[in-house]
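# Fold and contact review
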Protein chains: 2
Amino acid sequence: MANEFKNKAITSRDEDFAQWYTDLCKKAELMDYSDVKGFIIYRPYGYAIWEQIQSYLDKEFKRTGHQNVYMPSVIPESLFDKEKAHVEGFAPETLIATIGGGEEIKDRLIIRPTSECLFTDHYKNIINSYRDLPKLYNQWCSVVRWEKTTRPFLRGAEFLWQEGHTMHASEDEAREETIKMLNIYDQLGKDLLAIPFVKGKKTEKEKFAGALETYSIEALMHDGKGLQCGTSHYFGNEFSKAFGVQYIDKDGKLKNPHQTSWGVSTRLIGGIIMVHGDDNGLVLPPYVAPIQVVIVPIQMQKEGVAGKALEIKKLLENKNIRVKVDLSDKTPGWKFSEYEVKGVPIRIEVGPRDLANNVVTISKRNDGKKETYSIDGIENTVVGLLEKIHKEMYQKALDNLIENTKEAHSLEEIEAIVNKGGYAKVMWCGDEECENKVKELYQATSRCMPFEQIPIDDKCAICGKKAKYLILFAKAY
Amino acid sequence: MANEFKNKAITSRDEDFAQWYTDLCKKAELMDYSDVKGFIIYRPYGYAIWEQIQSYLDKEFKRTGHQNVYMPSVIPESLFDKEKAHVEGFAPETLIATIGGGEEIKDRLIIRPTSECLFTDHYKNIINSYRDLPKLYNQWCSVVRWEKTTRPFLRGAEFLWQEGHTMHASEDEAREETIKMLNIYDQLGKDLLAIPFVKGKKTEKEKFAGALETYSIEALMHDGKGLQCGTSHYFGNEFSKAFGVQYIDKDGKLKNPHQTSWGVSTRLIGGIIMVHGDDNGLVLPPYVAPIQVVIVPIQMQKEGVAGKALEIKKLLENKNIRVKVDLSDKTPGWKFSEYEVKGVPIRIEVGPRDLANNVVTISKRNDGKKETYSIDGIENTVVGLLEKIHKEMYQKALDNLIENTKEAHSLEEIEAIVNKGGYAKVMWCGDEECENKVKELYQATSRCMPFEQIPIDDKCAICGKKAKYLILFAKAY
């Protein structure tokens, strides 16, 4: 593949993964830095990926009965302070507004880092009877967390996300919701991102501030580090109690409803980059790609070439494929390189020689394979290829996950696995001391206790006591 | 129409328009107040109206070549200070964050009231050549303006909006963009909101801080007050110069590009309420209504009633109509009232007596007319009725606009018109002193100089000097 042009500027992935990542974010024009550390600019190409994710999830949320709302972007400090565990978790990284219209604000305003407080406080006003339940709300917005170390998409002072917040009459129903939404995130990986997730439960140490239980989807990046890609929390009625949310149940008794929240963010874009990208740039899974097919005319000045390119575009668009024809005066080589960096799944070359034979040349971005196809039925050919590419990319990511998830029965084995890169699959006694030990010794954290709990030993790999859970450790972003 | 239930709680529109408005916002469950003044909660029904507006405009923006981006929600004070006229206009109403992660922030952060600074600063980094132009960006977000007097949707400390920001090589192209986007807003009124707008140019006094020219769409509310519903600004290259945005033109010379910005906000929801609403609640134009048809079963326990209601729902949904069947155990009277308050355009009653005759009873929310229609072809009947309602509502609003736009040739005539409620159509010398006089005397502001400049006099109605422009005055929100 042609990488003699600007791809040269991309650092090799195996040489320096971190630099390679930053190069891709910039060269593929996904983002730019702003003047404020950690507040990035989502450029059109990066934002368009987010729009694809939004569109998929918003349909799923609505299909499952959720409604969108918008809550204030600020939380009065007095309100934020109501749930103890929650405030302790978030207080150190808050951005606080203290001046409004030139005057000091008495009850200072926290720029929302997450909105449990706001939703619960509102629910207090609108939930009175069991008839008002469940409440299934979601919002699309940005949140602010004043992080010290920031990285585009992975850890930002501001990032885009959705946060679902629901209230239920029964514990069972709330627990069901928690898992239902986790499964929707998992399906997003399968359908759109071509990323296989490990679903599981977080440890007490790693759970969300204020939650009783946190579940997550975890992915393995190309460099063997883990990335938490989404979480779903069960709160019990702790927030309900703290905020005084009560309803009269069928039995005439006053009760506190049971609560959940769940979210994914633009961090998923970081996941897409690090699972699929290569030395030539992004490799976008077809169904999340803003441009699924780019058509590059060869010898554009020759009669019929540009016209045929536009004709093929129309055929593909009729199949709801997102197509771009690049008719600019840049060289084909420049264009090949440009759309390679941007990870466009399929490139179609339309040139005079091929046209004489009623064929085009199609290249697949994921493996660089190039083949000639008839123009007749090209729209069905491309539909088929997009599906093929998606499957190949998912399978490759799954192979990588399986290959790099290895059993460890001792601290030494854990060390070897997480240092090489990958998930160490470990039996654990459930003691936080053991969890801390792995973190201190190897800078690897517990990712989750997978739903599939198939014991591989009866002793804790860290302390040797009786094992309770199967757990994954990894270095992580 | 049944208003013996909760509509009683709505203040009469003619008695107290302001209270009627607030009642509707709350009773129709469009919004709720939060703990922070001016920061409202957009409840599902209110947010769903905004989603309809977003969906329409986002398609139009993309059709005309615009791309969505997301800029930081904060602006460093030092950056905000770069364009003088702009900062003077906005500084008094800024919310400022001064503490991050427990520490004082040196370059304090303004929560964005509008994003000209951020866009222009970013454009500086990505525009180098005429080949990089035009740049046609838009973002959907919330903005914060620390207003003293706030009202749901009309004037908020925080509101939702879109802001387009574009850069062009030539002045002509930028001017064309300014008008093109104004026309898209105008069309939104015709297609979706059933609101006729007056398009025109703002005076120097009323234009946007930092703009060379501001154009607006203006609507007349039921109480005869005006509402500015959207604006489009031409900036020349003032911001470009202040921020150092330069490109090399075809002729090899360094130039500053020409800029526009344009926006509409959730204020449009306030417009919908005040143009169309009545004493029984909201009256939503069909194409912006989250629920276009509600089906209320009568004697639901009777065999076949609920089933038929669901059957009709399916028929309508196949025509992409947004339908709700209310199968709750509340009385039909309660339901009638509920969906009246919520302004659902069409109500279909499905009862056993009608079913025996293969008919249903359909009520139009806009005029309360009730008729019987055959169930055969019900989906086409409803499609036709939705269109009819839209036209009737637009025409009614247009009649109101025409009826209450009156010529004034003297201060006394201006006074009479704006006090009664309506637009005073006036010839004006162009002098700010005259504009100020009307404001001071009658608390009426200049709304715009309509594009249709058909002189009605040769003297200024205020000072008697030679008239230059036709202008509209009104009391306004």
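## As for the packing of aromatic side chains
All names here are of chain B. Going through the model one piece at a time under the given rule, you end up with 32 aromatic pairs over all chains. Judged by centre distance (5.2 Å) and plane angle (85°), the ring pair of Phe235 and Phe239 falls under edge-to-face. Of the residues examined, Phe235 reaches a relative accessible area of 0% and is grouped as buried. Under the relative-accessibility criterion, Phe239 is labelled buried at 0%.

## Concerning unusual backbone geometry
Between Leu133 of chain A and Pro134 of chain A the backbone carries a cis peptide bond, its omega angle lying at -5°. Unusually for a residue other than glycine, Gln299 of chain B sits at a positive phi of about 50°. Following the sequence through the fold, Gln299 of chain B ends up in the loop between strand E15 (293-297) and helix H9 (305-317). Phi at Asn320 of chain B takes a positive value of approximately 60°, unusual for a residue other than glycine. For Asn320 of chain B, the location among the structural elements is in the loop between H9 and strand E16 (323-325).

## Some details on the sheet that holds strand E4 (residues 74-76) of chain B
Spatial ordering of the open sheet is given by E4(A)-E6(A)-E5(A)-E5(B)-E6(B)-E4(B), a layout of six strands whose pairing is antiparallel. Pairing within the sheet leaves two strands with one partner each, and these edge strands are strand E4 (74-76) of chain A together with E4 of chain B. Strand-to-strand twist in this sheet, taken as the mean axis angle between neighbours without regard to direction, amounts to 45°. Relative to strand E6 (residues 103-111) of chain B, E4 of chain B is paired through three bridges, and the arrangement is antiparallel. Among the inter-strand pairings, Pro76 of chain B is bridged to a residue of E6 of chain B, identified as Leu109 of chain B.

## Focus: the environment of Met427 of chain A
Residue and element names in this part refer to chain A. Mapped onto the secondary structure, Met427 falls in strand E21 (residues 423-428). With 98 residues separating them along the chain, Met427 and Asp329 place their C-alpha atoms 60 Å apart. The residues contacting Met427, other than those within four sequence positions of it, are Pro455, Ile456, Asp457, Lys459, Cys460, Ala461, Ala467, Tyr469 and Leu470.

## Here's the deal with the interface of chain B and chain A
In this complex, chain B contributes 50 residues to the contact, which on the side of chain A involves 50 residues. Taking both partners together, chain B and chain A bury about 4,100 Å²; carbon and sulfur atoms supply 59% of that area. At the junction of chain B and chain A, the tally comes to two salt bridges. Note that Lys62 of chain A is salt-bridged to Glu51 of chain B, the shortest N-O span being 3.2 Å. The interface formed by chain B and chain A holds 19 residue pairs in polar contact (both at pLDDT 80 or more) in total. Residue classes in the side of chain B that touches chain A are distributed as 27 nonpolar, 11 polar and 12 charged. Strand direction decides the pairing type here: strand E5 (residues 95-100) of chain A and strand E5 (residues 95-100) of chain B, joined by five bridges, are antiparallel. Bridge pairing links Gly100 of chain A to Leu95 of chain B in E5 of chain B.

## What about the pairing of E6 of chain B?
As defined by bridge partners, E5 of chain B adjoins E6 of chain B across four bridges and the pair is classed as antiparallel. Directly across from Gly100 of chain B, in E6 of chain B, lies its bridge partner Glu103 of chain B.

## What to know about the relation of the copies chain B and chain A
Relative to chain A, chain B is turned by 180° and slid 0.0 Å along the rotation axis, the superposed coordinates differing by an RMSD of 0.0 Å. Those values place the two copies in the arrangement expected of a two-fold rotation axis. No C-alpha of chain B lies nearer the rotation axis than that of Ala97 of chain B, which sits 1.8 Å from it. In this assembly, 100% of the residues forming the interface of chain B have copies in chain A that are likewise at the interface, indicating an isologous arrangement.

## Topic: the packing of helix H2 (residues 44-63) of chain B against helix H8 (residues 267-276) of chain B
Residues and elements named next belong to chain B. Interaxial distance between H2 and H8 falls to 10 Å at its minimum, and their mutual angle equals 105°. Overall, the two elements H2 and H8 adopt an arrangement that is roughly perpendicular. Residues Gly46, Ile49, Trp50 and Ile53 of H2 form the contact with H8, whose own contacting residues are Leu268, Ile269 and Ile272.

Rules used throughout
- Residues numbered from 1 in each chain as written.
- Chains lettered and ligands numbered in written order.
- Predicted model: local features only at pLDDT ≥ 70, side-chain atom pairs only at ≥ 80, totals over all residues.
- Heavy atoms only, no water.
- Phe/Tyr/Trp six-rings, centres within 6.5 Å; stacked < 30°, edge-to-face > 60°.
- Buried < 20%, exposed > 50% of the residue type's maximum accessible area, 1.4 Å probe, protein only.
- Helix = DSSP H or I, 4+ residues; strand = E, 2+ residues; numbered from the N terminus.
- Pairing = 2+ DSSP bridges.
- Axes fitted to C-alpha atoms, helices over the stretch in contact; angles between N-to-C directions.
- Contact = heavy atoms within 4.5 Å.
- Buried area = accessible area lost by both parts, 1.4 Å probe.
- Salt bridge = Lys/Arg side-chain N within 4 Å of Asp/Glu carboxyl O.
- Polar contact = N/O pair within 3.5 Å; in protein donor to acceptor, adjacent residues only side chain to side chain.
- Nonpolar A, V, L, I, M, F, W, Y, C, P; charged D, E, K, R; others polar.
- Least-squares fit on C-alpha atoms with pLDDT ≥ 70 in both.
- Parallel < 35°, antiparallel > 145°, perpendicular 65-115°, else oblique.

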